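# Structural overview
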Amino acid sequence: MASLLILGAEIVTPAGVEPKDILIENEKISRIENPGSLSSFKADEIVNAQGLTLMPGVIDPQVHFREPGNTHKEDLESGSRAAAAGGVTAFLDMPNTNPPATTAQALREKIALAKTKCHVDFGFFVGATPDNLEELLAAKEACGIKIFMGSSTGTLLVSQRPDLEKIFAKGHKLIAVHAEDDNMIKANREAMGDKATLMDHPFIRSPEAALKATTLAVELAKKNNRRLHVLHLTTEEEVRFLEKEKVQGLISAEVCPQHFLLQFPEDYERLGTYAQMNPPIREARHGKALWQALKDGIIECTATDHAPHTREEKAKGYPSAPAGMPGVETLLPVMLNRVNQGLCSLSDLVRWMCEGPARLYGMVGKGKIEVGYDADLVLVDMKLERKVQNGHLQTKVNWSPYDGRTLKGWPIMTLVRGRFVYRDGKFNEPGWGKPIQFDPAWEKIPHK
Ligand code: DOR
């Protein structure tokens with residue numbers, strides 16, 4: 001395997017930013033030295049990265065790449081290409097495909113397919129149903145068990161307490177919950193009847209419904225000493241609850257940038273059903289609380305919930321239009337833009353977007369610029385300003401809720417295990433992506 005030298009970039013670690021030279025050999029970071037120290041090394045390729053910033057590759061721990069079954073929206077190739085363009089070097093894919101990934105066999109098939117199609121590294125969730133406990137226990141390769149406590153896209157749903165009790169009680173794998181109480185949502189929907197419009201969406205899928213499900217999941221995690229990750233938190237109420245009740249190392253939470261970058265009612269008025277997702281975009285007070293919780297460490301990581309639906313599907317109007325929006329490609333640019341706005345630091349980004357997901361899921365060799373770690377890296381131009389534009393994206397659906405926004409700070413080269421998968425607008429052949437390795441010892445909690 002060729003060696004690669006990256007000279008003079010500003011390297012981002014949780015401790016700060018400083019210029020370093022980096023040598024990559026055999027897919028791993030082999031040396032990190034002060035500028036100039038490696039200039040006589042005879043590498044197969046040398047990249048002069050002066051003026052650029054080098055971060056660990058971003059890890060997106062929640063995407064829906066739609067394969068199998070809904071590949072008109074996205075597939076593993078197009079989704080992972082969008083990831084590469086966005087500086088995302090590893091992703092965790094959700095099980096609400098068609099058929100859903102609810103068996104060990106389905107998971108193995110997905111992994112085999114991903115090996116041939118993915119540009120970046122990957123992991124897959126196994127989906128819980130009320131009666132597939134044996135499969136959940138058999139799905140050793142899964143990065144975790146996904147439970148939809150409230151129904152969303154697809155057929156997966158475990159909404160009844162006795163079924164949830166059984167899943168939490170058996171096995172060790174991390175449980176990731178889509179926490180919305182299905183009964184409350186149904187009751188709210190029935191109460192509204194035919195009168196419901198898109199503007200009712202965040203109230204049908206109410207903050208109370210989110211808090212109720214999160215409260216139950218936390219109770220079950222504590223009772224069973226079971227590792228729990230609360231996906232895409234959306235309410236101030238859940239933040240306050242987790243601030244009090246979260247057990248460090250046992251329970252963690254994530255936020256999607258759209259939940260603090262978009263808000264009700266303005267973005268519903270502007271975007272129509274393109275703003276519709278589950279759990280919903282809410283009023284400004286929730287967004288503010290989520291951002292602050294991320295800064296305070298109550299929320300440990302970001303994710304996109306990249307959930308592409310075609311423009312034709314979105315045009316069906318409320319309530320027929322499917323919920324969800326793409327995001328894997330714009331995750332890093334929207335966050336780099338916030339760094340340029342002075343709202344957070346590059347080191348914050350590394351903690352939330354790289355180290356955080358790697359630590360929370362027990363990924364081996366990911367999330368850090370450190371000797372011996374996988375050379376999953378993204379070179380960023382912090383000065384580059386570019387407009388997000390529908391029709392100019394890699395995701396199959398080719399639209400973004402950020403269409404028309406000019407963002408400052410963009411990834412320009414992405415490396416996965418030492419190989420450029422994206423460079424100056426061009427992509428490598430698909431098939432370089434590999435399964436992420438998860439540390440088996442990590443399943444023993446608590447993990448700090
Ligand atoms: O809005 C959403 N869309 N939320 C989900 O939980 C699922 C996702 C999808 O797969 O479309």
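Residues numbered from 1 in each chain as written. Predicted model: local features only at pLDDT ≥ 70, side-chain atom pairs only at ≥ 80, totals over all residues. Heavy atoms only, no water.

### Topic: the packing of helix H1 (residues 76-85) against helix H2 (residues 104-117)
- As a packed pair, H1 and H2 sit with axes 9 Å apart at the nearest point and diverge in direction by 60°. Comparing their axes, H2 and H1 come out oblique. Crossing angle aside, the handedness with which H1 passes H2 is right-handed. Along its contact with H1, which presents Leu76, Glu77 and Ser80, the element H2 presents Lys110, Leu113, Ala114 and Lys117. (Axes fitted to C-alpha atoms, helices over the stretch in contact; angles between N-to-C directions. Helix = DSSP H or I, 4+ residues; strand = E, 2+ residues; numbered from the N terminus. Parallel < 35°, antiparallel > 145°, perpendicular 65-115°, else oblique. Left-handed = near helix turned anticlockwise from the far one by under 90°. Contact = heavy atoms within 4.5 Å.)

### Here's the deal with the sheet that holds strand S10 (residues 175-178)
- Taken in spatial order, the 8 strands line up as S6-S7-S8-S9-S10-S11-S12-S13 in an open sheet, and their pairing is parallel. Each edge of the open sheet is held by one strand with a lone partner, namely strand S6 (58-63) and strand S13 (301-302).
- Across 3 bridges, the pairing between strand S11 (residues 228-230) and strand S12 (residues 251-255) is parallel. Within the sheet, the bridge partner assigned to Val230 lies in S12 and is Ala253. (Pairing = 2+ DSSP bridges.)

### Concerning the site of the ligand
- As a matter of local geometry, the ligand sits amid 14 residues, with Arg66, Asn96, Thr153, Asn278 and Ala323 nearest to it.
- Between His178 and the ligand, the recorded distance is 3.0 Å, taken from a side-chain N or O atom to an oxygen atom.
- Contact between the ligand and His309: an oxygen atom at 2.9 Å from a side-chain N or O atom of the residue.
- For the ligand, whose free accessible area comes to 290 Å², the fraction covered by protein is 100%.
- Grouping the amino acids of the shell around the ligand by side-chain chemistry returns 4 nonpolar, 8 polar and 2 charged. (Near = heavy atom within 4 Å. Polar contact = N/O pair within 3.5 Å; in protein donor to acceptor, adjacent residues only side chain to side chain. Areas by Shrake-Rupley, 256 points an atom, 1.4 Å probe, with all protein chains shown as cover. Nonpolar A, V, L, I, M, F, W, Y, C, P; charged D, E, K, R; others polar.)

### Quick notes on the side chain of Lys366
- Mapping Lys366 onto the fold places it in the loop between helix H14 (346-361) and strand S14 (377-387).
- A distance of 2.6 Å separates a polar atom in the side chain of Lys366 from a polar atom in the side chain of Asp121.
- Among all residues touching Lys366, those that are not within four sequence positions of it are Ile59, Asp121, Ala358, Tyr373, Asp374, Asp376, Arg417 and Ile436.

### Some details on the side chain of Asp163
- Locating Asp163 in the fold gives a position in helix H4 (residues 161-169).
- Among residues more than four places away in sequence, those in contact with Asp163 are Pro130 and Val158.

### Digging into the packing of aromatic side chains
- As enumerated under the stated definition, the model contains 11 aromatic pairs in all.
- Taken together, a centroid distance of 5.9 Å and an interplanar angle of 85° make the contact between Phe125 and Tyr361 edge-to-face. You can see Phe125 sitting in strand S8 (residues 121-127) and its partner Tyr361 sitting in helix H14, a full 236 residues away along the chain.
- For Phe125, a relative accessible area of 0% gives the class buried.
- Considering the side-chain rings of Tyr274 and Trp399, the 4.6 Å spacing of their centres and the 85° angle between planes classify their relative orientation as edge-to-face. One end of the pair, Tyr274, is in the loop between helix H10 (266-271) and helix H11 (284-296); the other, Trp399, is in the loop between S14 and strand S15 (406-416), and 125 residues separate them in sequence.
- Tyr274 gets classed as partly exposed once you look at its relative accessible area, which sits at 22%.
- Aromatic rings pair up to connect Phe65, Phe91, Phe122 and Phe124 into one cluster.
- The ring of Phe148 carries Lys146 above its face, with NZ or CZ at 3.7 Å from the centroid. (Phe/Tyr/Trp six-rings, centres within 6.5 Å; stacked < 30°, edge-to-face > 60°. Buried < 20%, exposed > 50% of the residue type's maximum accessible area, 1.4 Å probe, protein only. Lys NZ or Arg CZ within 6 Å of the ring centre and 35° of its normal.)

### A word on the pattern of salt bridges
- Counted under the stated rule, the structure contains 28 salt bridges.
- Between Glu165 and Arg161 there is a salt bridge, with the nearest N and O atoms lying 3.0 Å from each other. In this pair, Glu165 and Arg161 both sit in helix H4, 4 residues apart, roughly one turn of the helix.
- The exposure class of Arg161 is partly exposed, given its relative accessible area of 33%.
- Shared partners join several salt bridges into a network, and the residues in it are Glu27, Lys28, Asp121, Lys366, Asp374, Asp376, Arg417 and Lys434. (Salt bridge = Lys/Arg side-chain N within 4 Å of Asp/Glu carboxyl O.)

### Side note on the environment of Ile46
- Structurally, Ile46 is set in strand S4 (residues 45-48).
- On the accessibility criterion, Ile46 (47% relative accessible area) is partly exposed.
- Taking the C-alpha atoms as reference, Ile46 lies 14 Å from Arg31; in sequence the two are 15 residues apart.
- Those residues in contact with Ile46, other than ones at most four positions away along the chain, are Leu5 and Leu7.

### Topic: unusual backbone geometry
- For the peptide bond that leads from Asn98 to Pro99, omega is 0°, which places it in the cis range.
- Residue placement: Pro99 occurs in the loop between strand S7 (88-93) and H2.
- Residue Pro319 follows Tyr318 across a cis peptide bond; omega there is 0°.
- Position of Pro319 among the secondary structure elements: in the loop between helix H12 (311-314) and helix H13 (331-340).
- Although it is not a glycine, Asn26 sits at a positive phi angle of roughly 50°.
- Non-glycine residue Asp305 carries a positive phi angle of around 50°.
- The topology assignment puts Asp305 in the loop between S13 and H12.
- We classify Asp305 as buried; its relative accessible area is 5%.

### Examining helix H5 (residues 182-192)
- Looking at where H5 begins, the residue whose side-chain oxygen comes 3.3 Å from the main-chain nitrogen of Asn183 is Asp181.
- Gly193 occupies a position one or two residues after H5 and carries a positive phi of about 60°.

### Re the pairing of S15
- Extensive coverage of S15 is indicated by the burial of 9 of its 11 residues.
- Across 8 bridges, S14 lies against S15 in antiparallel orientation. Note that in S15 the partner of Leu379 across the bridge is Met413.
- Inspection of the sheet shows S15 paired to strand S16 (residues 419-423) by 4 bridges, in the antiparallel sense. Paired with Val416 across the bridge in S16 is Arg419.

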